[in-house]
Amino acid sequence: MKKSAVQSEGQCVCGAVRFEIDVPAVWAWHDHGEASRRAQGCAYATYVGTWKSRFRWLQGEDELTRYEDEANRTTRSFCRRCGAPVAYEKARSPRFINIPRSLFPERTGREPRYHMNLTERADWTYWGEPLSPLKGYPGVMRERPRKRRLDPVE
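Here the structure is a predicted model, which means the values were calculated and not measured. (Residues numbered from 1 in each chain as written. Predicted model: local features only at pLDDT ≥ 70, side-chain atom pairs only at ≥ 80, totals over all residues. Heavy atoms only, no water.)

Trainee: Which residues make up a nonpolar patch on the surface, and what values go with them?
Mentor: A cluster of nonpolar side chains, contributed by Tyr126, Leu131 and Met141, occupies part of the molecular surface with about 270 Å² of accessible area. With respect to the helices and strands, Leu131 occurs in strand 11 (residues 131-133). (Patch = residues over 30% accessible without salt bridge, like charges linked within 9 Å, V, L, I, M, F, W, Y side chains within 5 Å. Areas by Shrake-Rupley, 256 points an atom, 1.4 Å probe, with all protein chains shown as cover. Salt bridge = Lys/Arg side-chain N within 4 Å of Asp/Glu carboxyl O. Helix = DSSP H or I, 4+ residues; strand = E, 2+ residues; numbered from the N terminus.)

Right, here's the structure in full:
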């Protein structure tokens, strides 16, 4: 298989699974959907997507375990050693593979500019509210207290 001039390598947490994509990735986005939140254990998942022809396993493909969601026709792959999510595939896009952006220490050639499934956004997600330093805890920021709205007494 012919490689492009530039690749970006990624790996799971323990390093058992390694892969690369040709750069630039096709696109990148933030997925606020419940399934992605649960699969990645975070407020939203950020993915980069590429054609499978521009994706290569470098090691550890046999270390993957897969979860197939038949209702949504998706497959999620995880490292069976460390549990890190590694790939997200959709039946309606069989030639495409999506990888969590956080698994790449270097640039992928695409910045996430899209937000998907915003209607499923968790109500506890940080959404850019003003932050201030927490006194006595360097590097810790907190949301400013919200003003309580008092309903008028009838």
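Trainee: Lay out the nonpolar core in plain terms, naming residues and giving numbers.
Mentor: Note on soluble globular proteins: their nonpolar side chains tend to be buried together. Ranked by internal contacts, the top residues of the largest apolar core, which has 18 residues, are Cys12, Val17, Phe19 and Ile99. For this core, the elements supplying multiple residues, two or more each, are strand 2 (18-22), strand 8 (85-90) and strand 9 (96-100). (Core = buried A, V, L, I, M, F, W, Y, C linked by side-chain atoms within 4.5 Å. Buried < 20%, exposed > 50% of the residue type's maximum accessible area, 1.4 Å probe, protein only.)

Trainee: Could you give me a rundown of the pattern of salt bridges, with the residues and numbers involved?
Mentor: Applying the stated criterion across every chain, the model contains eight salt bridges. Notably, a salt bridge pairs Asp22 with Arg56, separated by 2.3 Å at the nearest N-O pair. Taken together, the residues span a long stretch of sequence, with Asp22 in strand 2 and Arg56 in strand 5 (residues 55-59) at a distance of 34 residues. Using a relative accessible area of 5% as the deciding quantity, one classes Asp22 as buried. With a closest N to O distance of 3.4 Å, Arg81 and Glu63 form a salt bridge. Taken together, the residues span a long stretch of sequence, with Arg81 in the loop between strand 7 (74-79) and strand 8 and Glu63 in the loop between strand 5 and strand 6 (64-69) at a distance of 18 residues. Salt bridges sharing common partners tie together Glu20, Asp22 and Arg56.

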